[in-house]
Amino acid sequence: LCFKPQELVSRQAMAVFVYRMYGSPNGPFPDPNFADVPGSHLFADEIWWARQNRLVTGYADGTFRPADPVSRQSAISVLFRADLRNVIQIPPGP
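Residues numbered from 1 in each chain as written. Predicted model: local features only at pLDDT ≥ 70, side-chain atom pairs only at ≥ 80, totals over all residues. Heavy atoms only, no water.

**Q** Give a detailed account of the confidence of the model for the chain, specifying residues and quantitative values.
**A** For the chain, per-residue confidence averages 88 on the pLDDT scale, and residues scoring 70 or more make up 88% of the total. Least confident of the elements in the chain is helix 3 (residues 72-84), whose mean pLDDT is 85; most confident is helix 2 (residues 44-52), at 96. (pLDDT = per-residue confidence, 0-100. Helix = DSSP H or I, 4+ residues; strand = E, 2+ residues; numbered from the N terminus.)

See below:
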């Protein structure tokens with residue numbers, strides 16, 4: 001395992017990060033009907049949970065595109081939405 005700060009983060013990884021920050025809640029979660037995230041997808045629970053909590057959205061063509069990279073803007077948007085919904089608790093800084 002190696003930390004690679006310059007490597008891109010995928011949309012599925014972002015969903016996993018936030019899901020785990022929330023304590024990996026137990027499903028089942030409603031299927032958002034993303035054509036490319038069937039129930040057999042390795043991270044279906046995490047992605048479906050993130051969609052249920054309105055932290056992520058899909059594309060107009062009905063896909064989620066889990067392997068696509070997340071922009072900094074999108075990553076911050078997900079974290080901001082999670083904070084607004086009290087999905088994650090970020091302690092105040094010093």
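**Q** Which residues make up the nonpolar core, and what values go with them?
**A** Ranked by internal contacts, the top residues of the largest apolar core, which has 19 residues, are Val-18, Val-37, Ile-47, Trp-49 and Leu-55. Listing elements by their share of this core, those giving two or more residues are helix 1 (11-21), helix 2 and helix 3. For this core, the element with the highest residue contribution is helix 2, accounting for 5 residues. Residue contacts for Val-37: discarding those within four places in its chain leaves Ala-44, Ile-47, Trp-48, Phe-64 and Pro-66. (Core = buried A, V, L, I, M, F, W, Y, C linked by side-chain atoms within 4.5 Å. Buried < 20%, exposed > 50% of the residue type's maximum accessible area, 1.4 Å probe, protein only. Contact = heavy atoms within 4.5 Å.)

**Q** Give me the lowdown on the environment of Ser-71, citing residues and values where you can.
**A** Looking at where Ser-71 falls in the secondary structure, it is placed in the loop between helix 2 and helix 3. You can call Ser-71 partly exposed: its relative accessible area is 36%. Taking the C-alpha atoms as reference points, Ser-71 and Arg-11, 60 residues apart in sequence, are found 9.1 Å from one another. Among the polar contacts listed, one links the side chain of Ser-71 to the backbone nitrogen of Ser-74, at a separation of 3.0 Å. (Polar contact = N/O pair within 3.5 Å; in protein donor to acceptor, adjacent residues only side chain to side chain.)

**Q** How would you summarise helix 1 if you had to cite specific residues and measurements?
**A** Within the sequence span of helix 1, burial applies to Arg-11, Gln-12, Met-14, Ala-15, Val-16, Val-18 and Tyr-19. The secondary structure elements touched by the buried residues of helix 1 are helix 2 and helix 3. Gly-23, located one to two residues past helix 1, shows a positive phi value of around 100°.

**Q** Please set out the pattern of salt bridges residue by residue, giving values where relevant.
**A** Applying the stated criterion across every chain, the model contains 1 salt bridge. In this structure, Arg-65 and Asp-61 form a salt bridge, with 3.1 Å as the shortest nitrogen-oxygen distance. Judged by its relative accessible area of 30%, Arg-65 is partly exposed. (Salt bridge = Lys/Arg side-chain N within 4 Å of Asp/Glu carboxyl O.)

**Q** A description of unusual backbone geometry should follow, citing residues and the corresponding values.
**A** One can expect most non-glycine residues to show negative phi and most peptide bonds to be in trans. With an omega of 5°, the peptide bond running from Gly-27 to Pro-28 counts as cis. Inspection of the secondary structure puts Pro-28 in the loop between helix 1 and helix 2. In this structure, Ser-24 takes a positive phi of about 50° despite not being glycine. With respect to the helices and strands, the residue Ser-24 is situated in the loop between helix 1 and helix 2. Phi at Asn-33 is positive, roughly 65°, even though this residue is not glycine.

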